[in-house]
Amino acid sequence: MRRLIPPLAALLLLTAACAPPRTGTLGPAPAGPSPTTAAAAGPTGTPAPTPPAPRTPTTAATTGRPTTSAPTEPDGTLTVQLWFARDRKLAPTRRALPATVATSRLALIELAAGPSPAETATGLTTLVPAGTRVTRIAGGVATLSPPAGFDAGGAATARLRRAQVVWTLTQFPTVRRVAFAPTDSATGRDDYADLLPPIVVTAPAIGDPVGSPVTVTGTADVYEATVSVRVLDAAGQEIGTAFTTASCGSGCRGGYRLDVRYRRATAGPGTIEVYEVSARDGTRINVVRIPVDLAAGR
């Protein structure tokens with residue numbers, strides 16, 4: 001005898017059969033084993049770690065342009081990066097200045113005032129004269145009114161002077177390019193990228209107090225992208241060392257960041273030395289030395 005399905009039950013079965021499949025978020029897929037874990041596990045059938053993707057320079061790494069504005073500290077000061085000159089190349093340092101809305105004006109005043117005695121001792125200098133001022137900022141372009149004789153000293157000197165201004169002003173989010181009146185053409189950091197030395201150190205700055213581990217950052221265009229760092233005590237003795245690879249190198253500029261531990265029983269002056277190891281003879285080349293105040297470390 002055939003069993004009849006009540007009308008209501010049949011309707012429910014039909015509705016369930018025609019309903020679309022449920023979808024929803026199950027959360028992120030579990031990550032595979034890290035290269036360290038996979039290597040430690042050995043040949044147990046786990047997949048081999050995926051090799052890292054080739055390094056490519058990013059815009060920030062290539063130009064050194066900060067991704068955020070200059071930070072205002074709780075004490076009401078503003079940290080400003082100033083680009084001075086050393087050995088006919090650009091070199092950065094930092095200043096903590098009273099916070100103001102006229103950051104571009106403040107930066108140009110400091111740039112014209114020149115490096116401090118400690119910065120001068122490392123070879124930093126400025127080519128920017130007093131009286132260089134911003135007349136307006138619109139559409140990401142800062143227009144400058146340079147004083148008379150701004151382009152004096154020959155083409156190479158004038159270009160380095162302009163590069164100082166451009167690299168300093170473009171740290172602020174409202175400025176991406178700089179125009180020097182009366183010309184209408186505006187230039188940005190990429191137009192002066194050739195004036196960067198092989199290794200740029202953005203932190204620590206000259207005279208900074210640091211502890212172990214000290215974080216060292218910057219950009220580099222060096223052989224096989226390898227950047228080496230030494231921490232030296234006041235006597236020049238090596239008390240810490242490390243190396244890393246920039247995000248690009250050997251013909252392209254990439255960013256780098258590493259923490260370097262050192263051993264020191266007492267606080268005192270020291271030096272952070274960032275360099276490239278010569279592929280020809282293993283010597284240290286393209287050396288950048290940053291005098292700092294070292295805390296005791298172990």
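Here, every reference points to the structure presented above.
Parameters at a glance
Numbering of residues begins from 1 in every chain and follows the order in which that chain's sequence is written. Local features in this predicted model are restricted to residues of pLDDT 70 or higher, and side-chain atom pairs are both shown and tallied only at a pLDDT of 80 or more, whereas totals for entire chains, interfaces and linings draw on every residue. Water and hydrogen atoms were dropped before computing side-chain values, which therefore reflect all heavy atoms in the structure. The rule for a disulfide is simple: a pair of cysteine sulfur atoms within 2.5 Å. Here the term buried applies to any residue with accessible area under 20% of the maximum for its type, exposed to any over 50%, and partly exposed to those in between, with areas from a 1.4 Å probe on protein chains only. Put simply, DSSP H or I for four residues or longer makes a helix, DSSP E for two residues or longer makes a strand, and each gets a number counted from the N terminus. Aromatic contacts are taken between Phe, Tyr and Trp rings whose centres are within 6.5 Å, Trp giving its six-membered ring; a plane angle under 30 degrees counts as stacked, one over 60 as edge-to-face, and the others as tilted. Only lysine NZ and arginine CZ atoms are considered, and such an atom sits over a ring when it is within 6 Å of the ring centre and within 35 degrees of the ring normal. Here the rule is simple: two strands pair whenever DSSP picks up at least two bridges between them. The contact criterion used throughout is that any non-hydrogen atoms of two residues lie within 4.5 Å. The criterion is simple. A nonpolar core is a set of buried Ala, Val, Leu, Ile, Met, Phe, Trp, Tyr and Cys residues joined through side-chain atoms within 4.5 Å.

Caption draft 1: The state of the cysteines, seen in detail. One pass over the structure, following the stated rule, counts one disulfide. Through a disulfide, C248 is tied to C252; the S-S separation comes to 1.6 Å. Negative torsions about the S-S bond denote left-handed disulfides, and the value of about -80° found for C248 with C252 makes this one left-handed.

Caption draft 2: Here's a closer look at helix α4 (residues 103-113). Turning to α4, its buried residues number three or more, namely T103, S104, L106, A107, L108, E110 and L111. Just downstream of α4, G114 is the residue with a positive phi angle, here 90°.

Caption draft 3: Representation of the packing of aromatic side chains within the structure. With the rule as written, the count across this model stands at two aromatic pairs. The aromatic ring of F150 is capped on one face by R161, whose charged end is 5.7 Å from the ring centroid. The ring of Y275 is capped by R284, whose NZ or CZ atom sits 5.6 Å from the centre of that ring.

Caption draft 4: Representation of the sheet that holds strand β11 (residues 238-245) in the model. On the basis of which strands lie adjacent, the open sheet formed by five strands has the order β8-β14-β13-β10-β11 and mixed pairing. What marks the edges here is a single partner per strand, and that holds for β8 (209-210) and β11.

Caption draft 5: Fine view of the side chain of S104. With respect to the helices and strands, the residue S104 is situated in helix α4. Judged by relative accessible area, S104 falls into the buried class, the value being 9%. Non-local contacts of S104, meaning those with residues more than four positions away in its chain, are made with V134, I137, L169, F172 and V175.

Caption draft 6: Inspection of the sheet that holds strand β3 (residues 133-138) at higher detail. Read across the open sheet, the four strands follow the order β3-β4-β5-β6; overall the sheet is mixed. The outermost strands of the open sheet, each flanked by one partner alone, are β3 and β6 (186-187). With four bridges joining them, strand β4 (residues 141-145) and strand β5 (residues 177-180) adopt parallel strand pairing. In the sheet register, L144 faces β5, and the bridge partner there is F180.

Caption draft 7: Looking closely at the nonpolar core. The biggest cluster of nonpolar side chains holds 56 residues, and the ones touching the most others in it are V165, L169, V216, Y256, I272 and V274. Among all residues touching V216, those that are not within four sequence positions of it are V201, A203, P204, V229, Y256, R257, L258, V260, I272 and V274.

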